[in-house]
Amino acid sequence: MKRRLLDLAHARSGDKGDTANVGLIARKPKDYPLLVKHVTAARVARHFKGMIKGPVERFELPNLHALNFLLHGALDGGGTISLKTDAQGKVFSTALLRMEIEVKR
Amino acid sequence: MSAARANGVRIAAGQGFWGDWLEAPYRQVTGGPVDYLMMDYLAEVTMSILQKQKSRDSSLGYATDFVTQMQRILPTVIERGIKVTANAGGVNPRACADAVATVTKQLGFEGKLTIGVVTGDDLLGRLDGLIARGHQLKNLDTGRPLRDVRDRVLAANAYLGAAPVVEALRRGAQVVITGRVTDTGLTLAPLMHAFDWAPDAWDLIAAGTVAGHIIECGAQASGGNCLIDWEQIPDLANVGYPIVEARPDGTFDIVKHPGTGGRISVAGVTEQLVYEMGDPRDYITPDGVAEFTSIRLAQAGKNRVRVSGVRGKPATDKLKVSIAYFYGYKAVGTLVYAWPDALKKAQAADRILRQRLKDLKLRFEAIHTEFVGANATHGALALNELDPAQIPEVQLRIGVRAPDKAPVDRFTREIAPLILNGPPSVTGFAGGRPKPEEIVAYWPALIDKRMVEPSVELVEA
């Protein structure tokens, strides 16, 4: 069964220079392992293909039932240099929540 | 323990950035008991704006809004003995303190306020000496040495930690005005002072840093910009800004004043914890390194989240330096296209405009197009899920960036002609021709801690 991340998680994102971060948080702690298993750095890199120029890093925060992603080269130079509406990466969070993962019933 | 209170020390967040809600500081000091008010004013680029103001008038170069705020809250602050920590001093903390001293006297509180002034972060005048002594100040992102852009540097400030703020409080300052002190240091310092935490009590330092991180963006910890169940968050019009209620053992609660709107929940605080996060095992500040992977959160009551378990590691021997330098010019122009085929029309206009820029042989470092209403925020991820024929309107938003002003200026004159000589159903140009903007960019670097000596002085109002 396909599940949209929006139904399983919430998120907040921000910036550090030309890197956007997305913190992805399980709505229910029991779903955190699903995120760990399916929302890999490679999967996130594919999801954002064409939108980011650099690699994706992932960090685990089991204590907060959260994953943190760093999307490098996501912000057209970032900060004041960027020509993007979302120059500070504020809505990469919900862009990640569009992702669908295959979950066993 | 100064400011001792049965339920610990309460530090209220008053401003999450320069431009935050003007009502927040007053509401924080009057809405219930607090011991400290923390106000964060400095973003990376703010320092260059302030440096420019100071070069024109040596009595400027600080966050002037802070003085207006102090004028409003001083009667309460003095009556209740509330202490204030703020990095509103920008590149001229002494002038900011003088301005606060002046309004203090005007309000009739002469002799009743001691202001601490923290300086030593400003490295602009020392850059050539530092570079000559082998401090390359390499860009942390690109590895380039600062000498590549030295002649374009507009501001350079080391991030100071909590230590000089603690010193100012110990020496009796009620209001501490700093230059570039870290956002987290403004919360950590009052805790170190109130609880006599040692600077190498790494777990406690980390706990105070986490407390600072949670409240440094103001209402982002109490229901603002909170995604989870956002429609259920009550009364954001009357949102209560967050308050840290800390205990000497380093555990603390995030709360807000009674009768205010917003919501303080584990999920909401978690959102703020992951905001702007890098490697969660190493949240590096001048004061120490916090391990965000150790944080425990629990709902300890309505609108009360308990934070515990925070572990820390020793501080590094470096300080981060925030350098601002002139980068070039940019401009952004917009036009709005209406149904039918709104997106197609905007796309056609983009193609035409780009062709004209090419024919004019204008050279840009970047041309960036967005179709607001279709792909500006989520790119192709959004476009793939849309039925383009049904989009009622699209804003074409096109920006250019170049080292020189001339091509950017010419670009700004190419938007309006499209109204009459491009695709149809176009509107939304009442704002007129866009203006070329100077780009002041951010250059993050590290410096040996021993090169930076914070200094504290007291000003009696």
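First, a word on scope: everything that follows refers to the structure included in this document. (Residues numbered from 1 in each chain as written. Chains lettered and ligands numbered in written order. Predicted model: local features only at pLDDT ≥ 70, side-chain atom pairs only at ≥ 80, totals over all residues.)

## Describing the overall build of chain A
Then comes step 1: Counting its secondary structure elements, chain A contains four helices and six strands.
Then comes step 2: N-terminal to C-terminal, the α/β element order of chain A is β-α-β-β-α-α-β-β-α-β.
Then comes step 3: Taken over C-alpha atoms, the radius of gyration comes to 13 Å for chain A, in line with the 13 Å a tight globule of 105 residues would show.
Then comes step 4: Its C-alpha atoms put chain A at 45 × 25 × 20 Å along the principal axes. (Helix = DSSP H or I, 4+ residues; strand = E, 2+ residues; numbered from the N terminus. Rg over C-alpha atoms; globule rule 2.2 N^0.38 Å.)

## Some words on the interface of chain A and chain B
How big an interface is tends to be stated in terms of the accessible area lost upon association of its parts.
Then comes step 1: On the side of chain B, 43 residues touch chain A, which itself brings 33 residues to the contact.
Then comes step 2: Elements with a minimum of two residues in the side of chain A that touches chain B: β2 (9–16), β3 (19–26), β4 (56–61), β5 (66–71) and α4 (92–97) of chain A.
Then comes step 3: Per-element accounting of the side of chain A that touches chain B gives the leading share, six residues, to β2(A).
Then comes step 4: Residues that form the side of chain A that touches chain B fall into these classes: twelve nonpolar, twelve polar and nine charged. (Contact = placed C-beta atoms within 7 Å. Nonpolar A, V, L, I, M, F, W, Y, C, P; charged D, E, K, R; others polar.)

## Some thoughts on unusual backbone geometry
Residues and elements named next belong to chain B.
Then comes step 1: In this structure, the amide linkage connecting W339 to the following residue, P340, adopts the cis form with an omega of 0°.
Then comes step 2: One can find P340 in the loop between β14 (318–338) and α10 (342–359).
Then comes step 3: In this structure, D229 takes a positive phi of about 50° despite not being glycine.
Then comes step 4: Of note, D229 is situated in the loop between α8 (202–215) and β7 (243–246).
Then comes step 5: For D229, a count of 13 C-beta atoms within 10 Å translates into the label partly exposed. (Buried ≥ 20, exposed ≤ 12 C-beta atoms within 10 Å, placed from the backbone.)

## Remarks on the nonpolar core
One broad trend across soluble globular proteins is that nonpolar side chains are buried collectively.
Then comes step 1: Membership of the largest hydrophobic core comes to 156 residues, with the highest contact counts inside it found for A:L24, B:V100 and B:I115.
Then comes step 2: Two domains share this core, each providing at least three of its residues, namely domain 1 (9–121 + 159–316) and domain 2 (327–443) of chain B.
Then comes step 3: Among the nonpolar cores identified, the runner-up in size contains 15 residues, and B:A342, B:F371, B:A374 and B:I398 belong to it. (Core = buried A, V, L, I, M, F, W, Y, C linked by C-beta atoms within 7 Å. Domains from an automatic or database assignment.)

## Remarks on the sheet that holds strand β2 (residues 36–39) of chain B
All names here are of chain B.
Then comes step 1: Reading across the sheet, the ten strands line up as β11-β12-β8-β7-β1-β2-β3-β6-β4-β19 and stay open at both edges, with mixed pairing between neighbours. What marks the edges here is a single partner per strand, and that holds for β11 (296–301) and β19 (455–460). Across the sheet, the axes of successive neighbouring strands diverge by a mean angle of 20°, strand direction being ignored.
Then comes step 2: Strand direction decides the pairing type here: strand β1 (residues 9–15) and β2, joined by four bridges, are parallel. Residue pairing in the sheet places Q15 in a bridge with M39 of β2. (Pairing = 2+ DSSP bridges. Axes fitted to C-alpha atoms, helices over the stretch in contact; angles between N-to-C directions.)

## Describing the pairing of β5(A)
Residues and elements named next belong to chain A.
Then comes step 1: In terms of residue burial, β5 counts as a mostly covered element, since six of its six residues are buried.
Then comes step 2: Burial of the side chains of β5 extends over both faces: A66, N68 and L70 are buried on one face and L67, F69 and L71 on the other.
Then comes step 3: As defined by bridge partners, β3 adjoins β5 across six bridges and the pair is classed as antiparallel. Bridged to V22 within β5 is F69.

## Focus: the pairing of strand β4 (residues 114–119) of chain B
All names here are of chain B.
Then comes step 1: Burial within β4 is extensive, with five of its six residues counted as buried.
Then comes step 2: Sheet topology note: the β4/β19 ladder contains six bridges and is antiparallel. Counted as the bridge partner of V118 is V456 from β19.
Then comes step 3: As paired elements, β4 and strand β6 (residues 175–178) share four bridges and run parallel to each other. Residue pairing across strands places I115 opposite V175, the latter belonging to β6.

Spatial relationships are all this shows, so hold off on functional conclusions.
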